[in-house]
Amino acid sequence: CGVGYVHVADSVCLAGTWTPGACAVQGAEQLAFTLYYSDTTSATTVGASVGAGCAELGASCTYQMAADGGETAVAVAASIPASSNARARAASLGLQRTSATGALSTLNTASEVLRLFGAYLRTPAQQITPQRVSGWLLGDAGAPKPTSQALQAALLLVPGMPLPSGWGLSISSSGLGWAARVVLVGVHADVTDLLQPTPPALHAAGVSAATFAAASAVGPVALLPSGSQVAEGGSIYAVSAGAMVVCWTMGTPAAPPSDPACGCSPAPLPTGLQTDVHLKARGCSNVGLAGEILSRSLAVDPPAGPVTFTPTGGILPEGAPLTAAAPDADWLCLAHTTDGSDPAEPNCGATAGECLGVGALPQDTLAAPLPSQPPQPMQLRGRGCAWPGGSGPSAAHAVTLLSTPALQYQSAPLQDRGLVPEGATVQVVATGASKVCVTTSGELATCACLASTASVTISTGSQWVSAIACAGAVASRPAVWSLRIAPVPQSPVLQLTPPATVNGLVLGAALLSYAGVLGAVRVCLAVDLAPVQALCTASGCAGGDAWNPHNPWAFAARPAGPVTLVVQACGGAGEHSPTVQATYTVVPVAETPTFSPAGVAVVASQRVTIAAAHTDSLCLTTDKSVPVCGPAPGACTTGTLLPVPGAWVAETDATLQARACAWGAGGHSGVASAVYRVVNAPPAPTLSPPPGVVADGTHIAAVAVGADVVCVA
């Protein structure tokens, strides 16, 4: 027990020689196969089962066990004498093969499996011999006709299909489809079991039905059409492999006919079918062999009727569906244009759901597209399709598109919650409308207005707008906008700190700023812009930079002389203030004085130079007091007035403080400070011993009282 499945080689010949399609056995036959147990099995259990089976067959067997994933694989080799009566024993047990792939009718024990395979071991007089199998492959009219090479490749893809030693294959077609006559040479008769019913490999090649039979046999009836429907006025094609004639009877689905009997006179199947039928047919040979009876009901499928469009009127609001329908149609093919031209003719394809023609789509609902150009009627063509009934007539339809109104400001679309400048005029546009009704009172617009409105002027605050497009009795959906109103910003007011002098001169240390501008999203500043132009853009500044109100503009970075500034406040809705242009003459602040040499020890009577730029006068103190320039040019309130450059002669230790005075627009400098220590010059050095003749190796000393260093050369 526990046998899951059996794997068998395509051919088993071990005691003799093997050639494709035949086994030559000498004296004894040997069989090799593998049993797969779905659970773990002990060697004792396997040995008992295999031994019992081999004893039943009068064979000698060996086996090997191996783990294979979660299963146990047992490889068995059986040697069976030619005199064995294994076939008779297997037949007496009722064991039989149930398909060409070797599936078993009984899988209870390994012993029974061995018996079953023994039933197919043949003595030398019963060896497999090459046979001829012939038949037909049929394809419906909706299936593309394959090539001979494609059908041959598909046959070889059928699982278990051997390689024939010879081929014969020819294809013909008619209004019902195509038929391929196939002859396979050098194969076993069991090949017929592989080819009918039609395997997936042949279906993939477009085969709808198949019938095959070995020599001296009759195959089942294959029918076109292969499905349960036949086109109205159509006919039926039937063929049976190995048959000289197909005998048939016909009734209705409600009253099926009797079974056909062989011995009938050849008669064509009826054509021009108008009502549903029930057909029974079987193939019959000229030697009394009869095939299986085919029994099938066929419903008559009428062709599709003409297409009708809904709505039938000539105006279609935007977003409203345009539907199409055709009686007895399985699918529709529609094509349309919106530029006024005629659409391409839609045609039904050969398979269900297929449409042919430029722009033709399988659909029955079309959302109205909105053209970007001035409105043109939308032209449509439709055709109903039925399979296998056939296509219906082409139908044309034209509709005018009525769009939902849209708002535009300066030719750009305006969305709900859009920002517009105060006092701006927005346009209301709609295509296909005879009039557009607009309200700003908070109520939805209706087509009850007397005159069309093309524009709306926006007032202060928040503006509510509703609009509807009207064309006769057809109205679009009402559109609603709640607009945000942005005030137009005023020009910035510039503030100079400290203020300019009466003659317009600006201190180099001055700062320029502006107060916040109502309605402005940014302020743009450009320096020495030529020619002067608008600075604001939709997202930034052109020719300048955004000016933060918290960062004053400093004149200190500018050289002395004139500078021109251009300023503009930018609104968020596209409206900006006028530009402001201001020119200033910059006078630099007097430079803080410098000392040379800097504060160090100096020799008595040494001169210290004091210099400063952008000034003519200095105020100097030596007593640590802060120098102050006088209120009028040429005097110091605190300190001594010196020209530039000035000088101080060192006599005693002192702390010098100096300020550069500029009584013009530039202004006085800050205070510079330096500390000096005055020292006396040391006397000339004396040498010891004095100059004269000295002994070799004598040390000579140079001494100067009060000197830090004596230099000797």
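Thresholds, definitions, all that
Residues numbered from 1 in each chain as written. Predicted model: local features only at pLDDT ≥ 70, side-chain atom pairs only at ≥ 80, totals over all residues. Heavy atoms only, no water. Helix = DSSP H or I, 4+ residues; strand = E, 2+ residues; numbered from the N terminus. Buried < 20%, exposed > 50% of the residue type's maximum accessible area, 1.4 Å probe, protein only. Contact = heavy atoms within 4.5 Å. Areas by Shrake-Rupley, 256 points an atom, 1.4 Å probe, with all protein chains shown as cover. Pairing = 2+ DSSP bridges. Axes fitted to C-alpha atoms, helices over the stretch in contact; angles between N-to-C directions. Phe/Tyr/Trp six-rings, centres within 6.5 Å; stacked < 30°, edge-to-face > 60°. Salt bridge = Lys/Arg side-chain N within 4 Å of Asp/Glu carboxyl O. Core = buried A, V, L, I, M, F, W, Y, C linked by side-chain atoms within 4.5 Å. Patch = residues over 30% accessible without salt bridge, like charges linked within 9 Å, V, L, I, M, F, W, Y side chains within 5 Å. pLDDT = per-residue confidence, 0-100.

**What about the overall build of the protein?**
Summing up its helical and strand segments, the protein has six helices and 55 strands in all. Relative to its 713 residues, the protein shows a buried fraction of 39%. Expressed as a percentage of contacts within the protein between residues at least 6 apart in sequence, the contacts between residues at least 24 apart total 62%. A total accessible area of about 35400 Å² is found for the protein, and carbon and sulfur atoms account for 55% of it.

**Focus on the environment of Gly 389**
Turning to its location among the elements, Gly 389 is positioned in the loop between β25 (378-385) and β26 (394-402). Taking the C-alpha atoms as reference points, Gly 389 and Val 300, separated by 89 residues in sequence, lie 7.8 Å from one another. Excluding anything up to four places from it in sequence, Gly 389 contacts Ala 231, Asp 301, Pro 302 and Pro 303.

**Quick notes on the sheet that holds strand β30 (residues 425-429)**
Pairing within the open sheet is antiparallel, and its four strands lie in the order β28-β27-β30-β32. Every other strand in the sheet has two partners, leaving β28 (412-414) and β32 (455-457) as the edge strands with one partner each. Neighbour to neighbour, the strand axes of the sheet diverge by 40° on average, direction disregarded.

**Quick notes on the environment of Leu 195**
Here Leu 195 shows up in helix α5 (residues 191-195). As a C-alpha pair, Leu 195 and Ala 213 span 18 residues in sequence and 9.8 Å in three-dimensional space. In contact with Leu 195, other than residues within four places in its own chain, are Leu 155, Val 158, Met 161, Leu 184, Leu 202, Ala 210 and Phe 212.

**A closer look at the packing of aromatic side chains**
One pass over the full model with this rule turns up four aromatic pairs. When the centroid spacing of 4.9 Å and the interplanar angle of 65° are considered together, the rings of Tyr 514 and Trp 547 count as edge-to-face. Of this pair, Tyr 514 sits in strand β38 (residues 511-514) while Trp 547 sits in the loop between β40 (545-546) and β41 (553-554), and the two are 33 residues apart along the sequence. Overall, Tyr 514 belongs to the buried group, its relative accessible area being 7%. On the basis of an interplanar angle of 70° and a centroid distance of 5.3 Å, the ring pair of Phe 555 and Tyr 584 is categorised as edge-to-face. Remark: Tyr 584 occurs in strand β43 (residues 580-587) and Phe 555 occurs in the loop between β41 and β42 (561-571); sequence separation between them is 29 residues. For Tyr 584, a relative accessible area of 13% translates into the label buried.

**Concerning the pairing of strand β53 (residues 671-679)**
The alternating pattern of β53 places Ala 672, Ala 674, Tyr 676 and Val 678 on a buried face, while none of Val 671, Ser 673, Val 675, Arg 677 and Val 679, on the opposite face, is buried. For strand β45 (residues 601-603) and β53, the ladder comprises three bridges, and the chain directions are parallel. Opposite Ala 601, over in β53, you have Arg 677 as the bridge partner. Across six bridges, strand β52 (residues 654-661) lies against β53 in antiparallel orientation. Pairing of Thr 655 across the sheet is with Val 675, part of β53.

**A closer look at the pattern of salt bridges**
Side chains carrying opposite charge are able to pair once their charged atoms draw close together. By the definition in use, this model includes three salt bridges. A salt bridge links Arg 383 to Glu 345; the nearest nitrogen and oxygen atoms lie 3.0 Å apart. Of this pair, Arg 383 sits in strand β25 while Glu 345 sits in the loop between β20 (331-337) and β21 (347-348), and the two are 38 residues apart along the sequence. The exposure class of Arg 383 is buried, given its relative accessible area of 12%. The exposure class assigned to Glu 345 is partly exposed, which follows from its relative accessible area of 32%.

**Regarding unusual backbone geometry**
Most of the time, phi is negative for any residue but glycine, and the peptide bond is trans. Cis geometry marks the peptide bond from Leu 224 to Pro 225, where omega comes out at 0°. Inspection of the secondary structure puts Pro 225 in the loop between β11 (221-224) and β12 (229-231). Cis peptide bonds are those with omega within 30 degrees of zero, and the linkage from Trp 387 to Pro 388 qualifies with 5°. Of note, Pro 388 is situated in the loop between β25 and β26. Even without a glycine there, the phi angle at His 614 is positive, about 60°. Topologically, His 614 is positioned in the loop between β46 (607-611) and β47 (617-621).

**Focus on the nonpolar core**
Note on soluble globular proteins: their nonpolar side chains tend to be buried together. Ranked by size, the top nonpolar core spans 23 residues in total, and within it Leu 137, Leu 195 and Leu 202 carry the most contacts. Elements with a contribution of two residues or more to this core: β7 (131-140), α4 (148-156), β9 (177-187), α5, α6 (200-203) and β10 (209-214). The dominant element in this core, judged by the number of residues it contributes, is β9, at five residues. Those residues in contact with Leu 202, other than ones at most four positions away along the chain, are Leu 137, Ala 154, Leu 155, Val 158, Leu 195 and Val 207. With 20 residues, the next largest nonpolar core counts Phe 595, Ile 610, Ala 662 and Ala 674 among its residues.

**Looking at the environment of Gly 670**
Residue placement: Gly 670 occurs in the loop between β52 and β53. Between the C-alpha atom of Gly 670 and that of Ala 660, which follows or precedes it by ten residues, the distance is 7.4 Å. Setting aside its immediate chain neighbours within four residues, Gly 670 contacts Thr 592, Pro 593, Ala 658, Arg 659 and Ala 660.

**Quick look at the sheet that holds strand β8 (residues 166-174)**
With respect to topology, four strands assemble into an open sheet ordered β8-β9-β7-β10, the strand pairing being antiparallel. On the outer flanks of this sheet lie β8 and β10, each paired with one strand and no other. When the angles between neighbouring strand axes are averaged without regard to direction, this sheet yields 15°. Bridge count between β7 and β10: six bridges; the pairing is antiparallel. Counterpart to Gly 135 in the pairing with β10 is Phe 212. Lying on the sheet, α4 is in contact with β7, β8 and β9; it crosses β8 at an angle near 125°.

**With respect to the pairing of β25**
One face of the sheet, then the other: side chains in a regular strand alternate in exactly this way. In terms of residue burial, β25 counts as a mostly covered element, since seven of its eight residues are buried. Inspection of the sheet shows β20 paired to β25 by seven bridges, in the antiparallel sense. Each bridged residue has a counterpart across the sheet, and for Ala 335 the counterpart in β25 is Arg 381. Sheet topology places β25 next to β26; six bridges connect them, and they run antiparallel. By the bridge assignment, Leu 380 is partnered in β26 with His 397.

**So, a nonpolar patch on the surface**
A grouping of Val 626, Val 628 and Val 671 is seen on the molecular surface, where their side chains present a nonpolar patch of about 190 Å² in accessible area. Along the chain, Val 626 falls in the loop between β47 and β48 (628-629).

**Looking at the confidence of the model for the protein**
Within the protein, residue pLDDT values average 79, and 79% of them lie at 70 or more. Under a pLDDT of 50 for its full length, residues 1-28 has, in the predicted model, 54 contacts with residues more than four places off or in other chains. For residues 367-374, every residue scores under 50 in pLDDT, and the model assigns this stretch 13 contacts once sequence neighbours within four places are set aside.

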